[in-house]
Structure formats: C-alpha cells, structure tokens
Amino acid sequence: MEKTLELQFFNQEGKIVRLFIENPIEPINEAAISAAMDAIITANVFTSSGGDLVAKKGARLLASEVTELVLA
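Residues numbered from 1 in each chain as written. Predicted model: local features only at pLDDT ≥ 70, side-chain atom pairs only at ≥ 80, totals over all residues. Heavy atoms only, no water.

Participant: Got a sec to walk through the sheet that holds strand β3 (residues 47-48)? Specific residues and values, please.
Facilitator: As summarised here, the arrangement of the 4 strands in space is β2-β1-β4-β3, forming an open sheet in which the pairing is antiparallel. Each end of this open sheet is capped by a strand with a single partner; those strands are β2 (16-22) and β3. Pairing geometry for strand β1 (residues 2-11) and strand β4 (residues 51-64), over 10 bridges, is antiparallel. When the sheet's bridge partners are listed, Glu 2 is paired in β4 with Ser 64. Its contacts with the sheet place helix α1 (residues 30-43) against β1 and β4, and it is angled at close to 145° to β4. (Pairing = 2+ DSSP bridges. Helix = DSSP H or I, 4+ residues; strand = E, 2+ residues; numbered from the N terminus. Contact = heavy atoms within 4.5 Å. Axes fitted to C-alpha atoms, helices over the stretch in contact; angles between N-to-C directions.)

Participant: Explain the side chain of Asn 11 residue by residue, including any values.
Facilitator: The topology assignment puts Asn 11 in strand β1. The exposure class of Asn 11 is buried, given its relative accessible area of 5%. (Buried < 20%, exposed > 50% of the residue type's maximum accessible area, 1.4 Å probe, protein only.)

Participant: Requested: an account of the pattern of salt bridges, with residues and values cited.
Facilitator: Scanning the entire structure with this criterion turns up 5 salt bridges. As a salt-bridge pair, Arg 60 and Glu 6 come within 2.7 Å of each other at their nearest N and O atoms. Taken together, the residues Arg 60 in strand β4 and Glu 6 in strand β1 connect sequence positions 54 residues apart. On the basis of relative accessibility, which here comes to 42%, the residue Arg 60 falls in the partly exposed class. The closest approach of N and O atoms between Lys 15 and Glu 13, which form a salt bridge, is 3.6 Å. Several salt bridges share partner residues, and in doing so they unite Glu 6, Arg 18 and Arg 60 into one network. (Salt bridge = Lys/Arg side-chain N within 4 Å of Asp/Glu carboxyl O.)

Participant: Can you explain the side chain of Gln 8? Please cite residues and give values.
Facilitator: Along the polypeptide, Gln 8 turns up in strand β1. Taking the relative accessible area as the measure of exposure, Gln 8 reaches 7% and is therefore buried.

Participant: Run through the pairing of β1, naming residues and quoting values.
Facilitator: When you tally the buried positions in β1, you get 7 out of 10 residues, the bulk of the element. With 7 bridges connecting them, β1 and β2 associate as antiparallel partners. Note that in β2 the partner of Thr 4 across the bridge is Glu 22. Linking two consecutive strands that pair antiparallel, namely β1 and β2, is a turn of 4 residues; a positive phi of about 85° is found at Gly 14 within it.

As structure tokens, then:
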C-alpha cells in the first residue's frame, strides 16, 4: 500500500495549498510535521498563485492501493 503525506496550508488569498510527500517516514510524528510546516511558512520557501503560504490548515496521511494493469 502506497502512502502519501498531504500538508495543507492557507495562502495570502485564504485558499488552500497542498504539498505532497510520498512514502513518509512512519510512524508519523505529528509534532514534527507541525514544526516542519511552521518552518516552511517562516522560511517562505514556497509560493502559490494566491501568494505566500501564511498559515497551517492541517495534514493528512493518504493510503492507496495501486494495482498495475498489463495492457495487451
């Protein structure tokens, strides 16, 4: 099962911006994720069409099962 960590931020326009991290280290450390999100906002390393990231909205661990199909 593939897992992806989704980090959700608000930008200057109040819109949600999502950053995805594939295959995150488990077990998930919520305090470390929160601190990393604060560091991303403080360092201003990402921007969006709606401006800089200004606040955390949340984070989610997404799990999906992938089945590759063989095409003839």
